[in-house]
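Chain and residue survey
Listed below, chain by chain, are the residues.
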Amino acid sequence: MPRYELIKEEIASIAKYVPGKSIDDIVKAYGLDPASVIKLGSNENPLGPSPKAVEALIKDAQGISIYPSADARELVEAISEYTGIPADHIVASGPGMDGLLDGLTRLVISRGDEVILTTPTFSYYEISARANGAVPAYVQREEDFSVDVEKVLDAITPRTKIIFLCSPNNPSGNVVPEEDILRIAEATEALVFVDEAYVEFSDKNIAHLVPKYDNIIVGRTFSKAFGLAGMRIGYGMLPIWLKEEYMKIATPFNVSSAAVAAGVAALSDTEHLNKSIELARTGKKYLQDNIPFKVYDTQANFILVDVAPHKARDVTTELLKKGIIVRDCTSFANAGDSLIRITIGTEEQNKKVVEGFTSI
């Protein structure tokens, strides 16, 4: 038997995840000085992690020969205090929120089941669902990237298992109103997964709905506002009945002791978190006012720019030559070919971005 025949049929239909380019990639491609390159393509925190998280990480290193707690209970309790949601609704996940997505799709999806994706949106929902045999149903977002609830409801079938809603949405940065989420959740037996990876930068969240509804899930991450992308920590807020089932299939010890220590410390550092949020809000206004293309409003730590009539591919290439890494959104399903996502950086980085776009 040829080796490729060992691979599940579902995998053949999956488009490879396209990450943002790294500094090393650009340095090698264009012969740039690494110190001159700014990385604004992956929505990382330009201030870095909390000093308290780094200190906790160093301290924990002495105990890495010992397994962490199986359910990361120290981190779960800290998340409960931070969110105000009881701990019996919370699971910590690794690697990142992606681990939560993989666990949920493995738990509820069988071959031929369906998931609903409101595109353009984060591509890993589809990858995780397809890997478990799901068939995606696409609901195109409106011109302003809002979600048409009626179109979502029309897409629901008896085989629909999960409806994915990213809020704030990646790559557009807009939120899905709470009343729209409730309309969808109340109209279906399917799970409604609300991705709040960027919620710290938003003025809205729907975590308080989790204890009240038996089909609403909220996923979050420490990779953005908390500056811990390299630690790969996520968490989910789930109905109690679903958490009990989820823990049966969760990978043992999937959050390392180092990640637990860093996460707990990061949650305690409200000063660093507030600085990170304020930096994004200030930078957003500057970029919106000064980039000479259409810039969409956002409640995240990134902006979306439409460079039409130019192509995103051509503009991002020109910016890369100047040492500016941004995200060409062409790889996002149904995003078209003229959208670019830019992480909001420091004042100096934002000025370099504006100069780059102005020259184009």
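This one's a predicted model, so the numbers in the text were calculated from it and none came from an experiment.

**A closer look at helix H2 (residues 51-60)**
Within H2, the full set of buried residues consists of Ala53, Ala56 and Asp60. On an axial view of H2, the arc spanned by its buried residues comes to 65°, and they lie on one face. The exposed set on the far side of H2, more than 90 degrees from its buried face, consists of Pro51, Glu55, Ile58 and Lys59. If you follow the buried residues of H2, they end up packed against helix H9 (257-268). Backbone nitrogen of Lys52 and a side-chain oxygen of the N-cap are separated by 3.0 Å at the start of H2; the cap is Ser50.

**Comments concerning the layout of surface pockets**
Put simply, the largest pocket is a space of about 550 Å³. Of the residues forming the lining of the largest pocket, the biggest block, 4 residues, is contributed by helix H4 (residues 96-108). Among the residues making up the lining of the largest pocket, the classes are represented as 11 nonpolar, 10 polar and 7 charged. Lining the lining of the largest pocket are residues from two domains, each supplying at least three of them: domain 1 (4-48 + 271-358) and domain 2 (51-268).

**As for the side chain of Asn254**
Within the element layout of this structure, Asn254 appears in the loop between helix H8 (240-249) and H9. Among the polar contacts listed, one links the side chain of Asn254 to the backbone oxygen of Thr251, at a separation of 3.3 Å. If near-sequence neighbours (up to four positions away) are discounted, Asn254 is found in contact with Ala92, Ser93 and Gly94.

**Some points on the environment of Tyr138**
Position of Tyr138 among the secondary structure elements: in strand S4 (residues 135-140). When the C-alpha positions of Tyr138 and Ala312 are compared, they lie 23 Å apart, and in sequence the two are 174 residues distant. Residues within four places of Tyr138 in sequence aside, it is in contact with Leu117, Thr119, Glu126, Arg130 and Asn334. At 2.6 Å, the side chain of Tyr138 and the side chain of Glu126 are in polar contact.

**A short note on the side chain of Ser167**
Its place among the elements puts Ser167 in the loop between strand S5 (160-166) and helix H7 (178-186). Among the polar contacts listed, one links the side chain of Ser167 to the backbone nitrogen of Val176, at a separation of 2.8 Å. Discounting chain neighbours no more than four positions away, the residues touching Ser167 are Asn174, Val175, Val176, Val194, Asp195 and Glu196.

**Quick word on the domain arrangement of the chain**
What the domain assignment lists for the chain is domain 1 (4-48 + 271-358) and domain 2 (51-268). One C-alpha centre belongs to domain 1, the other to domain 2; they are set 23 Å apart. Each side of the interface is counted separately: domain 1 has 34 residues, and domain 2 has 35 residues. For the pair domain 1 and domain 2, the summed buried area comes to about 2800 Å², and 58% of that belongs to carbon and sulfur atoms. Across the domain 1-domain 2 interface, the total number found is 10 residue pairs in polar contact (both at pLDDT 80 or more). The set of elements that each furnish at least two residues to the side of domain 1 that touches domain 2 consists of helix H10 (270-290), strand S10 (302-306) and strand S13 (339-343). Partitioning the side of domain 1 that touches domain 2 into residue classes produces 16 nonpolar, 11 polar and 7 charged.

**Considerations on the pattern of salt bridges**
For the structure on display, the rule yields 17 salt bridges. Across the pair Asp203 and Lys204 runs a salt bridge, and its minimum N-O distance is 3.4 Å. Sharing partners across several salt bridges, the network here consists of Asp113, Arg159 and Lys161.

**A few points about empty space enclosed by the protein**
Going through the model one piece at a time under the given rule, you end up with 1 cavity of 30 Å³ or more. Reported here for the largest cavity is a volume of approximately 50 Å³. Of the residues contributing to the lining of the largest cavity, the split by class is 5 nonpolar, 3 polar and 1 charged.

**Describing the environment of Pro211**
Mapped onto the secondary structure, Pro211 falls in the loop between strand S6 (191-195) and strand S7 (216-221). Put simply, Pro211 and Thr343 are 132 residues apart on the chain and 33 Å apart in space, counted from C-alpha to C-alpha. With sequence-adjacent residues up to four places away left out, Pro211 is seen in contact with Ile85 and His89.

**Topic: unusual backbone geometry**
In the segment running from Gly94 into Pro95, the intervening peptide bond is cis, with an omega of -5°. Pro309 follows Ala308 through a cis peptide bond whose omega is 10°. If you trace the backbone, Pro309 turns up in the loop between S10 and helix H11 (312-321). The phi torsion at Asn334 lies on the positive side, around 60°, for a residue other than glycine. Tracing the sequence through the fold places Asn334 in the loop between strand S12 (327-328) and S13.

About the cut-offs
Residues take numbers from 1 onward in each chain, read along the sequence in its written order. Given that this is a predicted model, residues contribute local features only at a pLDDT of at least 70 and side-chain atom pairs are listed and counted only at 80 or more, while totals for whole chains, interfaces and linings are drawn from all residues. The basis for the side-chain values is all heavy atoms of the structure; hydrogens and waters are excluded. Whether a residue is buried, partly exposed or exposed follows from its accessible area with a 1.4 Å probe, protein chains only, as a fraction of its type maximum: under 20%, in between, or over 50%, in that order. What counts as a helix is a DSSP run of H or I of at least four residues, what counts as a strand is a run of E of at least two, and both are numbered from the N terminus. To be clear, the arc concerns the directions from the helix axis to the C-beta atoms. Only heavy atoms matter for contacts: two residues are in contact if any of them lie within 4.5 Å across the pair. Nitrogen and oxygen atoms within 3.5 Å of one another constitute a polar contact, given that in protein one can donate a hydrogen and the other can accept it, and given that sequence-neighbouring residues count only through two side-chain atoms. Site definitions follow a grid-based scheme: protein atoms alone, a 1 Å grid, a 1.4 Å probe that fits but cannot get out for cavities, and for pockets an open set with protein on both sides within 12 Å along at least five of seven lines, plus lining residues having an atom within 4 Å of a point. Grid points are joined across faces, edges and corners, and a volume is the space filled by probe spheres set on the points. For this classification, Asp, Glu, Lys and Arg are treated as charged, while Ala, Val, Leu, Ile, Met, Phe, Trp, Tyr, Cys and Pro are nonpolar and the rest, including Gly, are polar. Start and end positions for the domains come from either an automated domain assignment or a database one. Defined in terms of a 1.4 Å probe, buried area is the accessible area two parts forfeit on being brought together, summed over both. Salt bridges are identified by distance alone: a Lys or Arg side-chain nitrogen within 4 Å of an Asp or Glu carboxyl oxygen.

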